[in-house]
Structures are given as structure tokens and as C-alpha cells.
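# Results of the structural survey
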Amino acid sequence: MFAGYLKFADACPACGLDYSAEDAGDGPAVFIMFAVGFIVVPMALVAEVAFKPPLWVHALLWLPLTLGLCAALLRPLRAIMFALQHQHGAAQGRLDGDDAAP
Ligand SMILES: [Zn+2]
């Protein structure tokens, strides 16, 4: 369903579903920030309290882990967000009477 690392293809190659309505925006990134922070921050705190490593050890451990987790989770979560939007018919908010407008 992807044409690049994060770019959606124009349509589903199997069923022809139009992907142009895909608009997850920052949704996947926000969820990933919470999830990865929830994983990495406690690990860093425990490591600091237990081992008191120098700062470069923290940088060496947590920067690659954080970047790796974010890169690994971004694509599947983007696909999940699109699947949920499609399944639940998500669209822009509308008010009553909007249908009458041109
Ligand atoms: Zn399909």
C-alpha cells in the first residue's frame, strides 16, 4: 500500500481502493511519541539510578533505540490509522446545512 517509506500509493493494487483520501496527518507520530517515550524514558531512568553511566552511554543507548523504534513503528501505525479512518468513514467535520452549500 506504500509507494515510498511513508508515501501512500495512489490506489490499492488488489481492490483499487483510492488512497487519495488518506489523511492521517500527525496522528501516527503523536501516538508513537507517547509509546516510545513510555518505553525509553523509564529504561533511561532505571539505567541512571542503577548504573549511573556517563552521559555518552545514555546517548549511545537511547538515541538509536528511540530513532529505531520511531522508524519501525511509523509505517505500520500510518497504515493502521488509514485502515481505521476508512473503516469508520472518518471525514472533515461538517455542520447541518453544509450539504446545501455549493
Ligand atoms: Zn485493497
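Look a little higher up for the structure.
Let us look at the structure shown here. The structure displayed is predicted, hence computed values, not measured ones.

Moving on, we get to the overall build of the chain. Regarding its fold elements, the chain presents 2 helices and 0 strands. The C-alpha atoms of the chain give 20 Å as radius of gyration, which overshoots the globular expectation for 102 residues (13 Å, by more than 25%). Summarising its shape, the C-alpha atoms of the chain cover approximately 65 × 35 × 20 Å along the three principal directions. A buried classification covers 3% of the 102 residues belonging to the chain. The contacts in the chain between residues at least 6 apart in sequence include a share of 58% that link residues at least 24 apart.

Before going further, it helps to spend a moment on the packing of helix α1 (residues 27-51) against helix α2 (residues 55-88). For the pair α1 and α2, interaxial distance at closest approach is 9 Å and the crossing angle is 150°. Comparing their axes, α2 and α1 come out roughly antiparallel. The way α1 lies across α2 gives a crossing that is right-handed. The residues of α2 that touch α1, namely those facing Gly 27, Pro 28, Phe 31, Ile 32, Ala 35, Val 36, Ile 39, Val 40 and Ala 44, are His 58, Trp 62, Leu 65, Thr 66, Leu 69, Cys 70, Leu 73, Leu 74, Leu 77, Arg 78 and Met 81.

A few words on α1. Structurally, the α-helix is built with 3.6 residues per turn, so residues lying three or four positions apart point the same way. The end-to-end C-alpha distance of α1, which contains 25 residues, comes to 36 Å, matching closely the 36 Å that a straight helix rising 1.5 Å per residue would cover. At Gly 37, α1 shows its strongest bend, of approximately 30°. After α1 finishes, the residue Lys 52 shows a positive phi value of roughly 45°.

Below, the discussion takes up the environment of Ala 9. Tracing the sequence through the fold places Ala 9 in the segment before α1. C-alpha of Ala 9 to C-alpha of Ser 20: the two residues are 11 residues apart in sequence and 8.4 Å apart in space. With near-sequence residues (within four places) excluded, Ala 9 lies in contact with Met 1, Phe 2, Ala 3 and Tyr 19.

Conventions used here
- Residues numbered from 1 in each chain as written.
- Predicted model: local features only at pLDDT ≥ 70, side-chain atom pairs only at ≥ 80, totals over all residues.
- Helix = DSSP H or I, 4+ residues; strand = E, 2+ residues; numbered from the N terminus.
- Rg over C-alpha atoms; globule rule 2.2 N^0.38 Å.
- Buried ≥ 20, exposed ≤ 12 C-beta atoms within 10 Å, placed from the backbone.
- Contact = placed C-beta atoms within 7 Å.
- Axes fitted to C-alpha atoms, helices over the stretch in contact; angles between N-to-C directions.
- Parallel < 35°, antiparallel > 145°, perpendicular 65-115°, else oblique.
- Left-handed = near helix turned anticlockwise from the far one by under 90°.
- Expected span 1.5 Å × (residues − 1).
- Bend = angle between axes of the 7 residues up to and from the residue.

Note that all results are geometric; they support no functional claim without further evidence.
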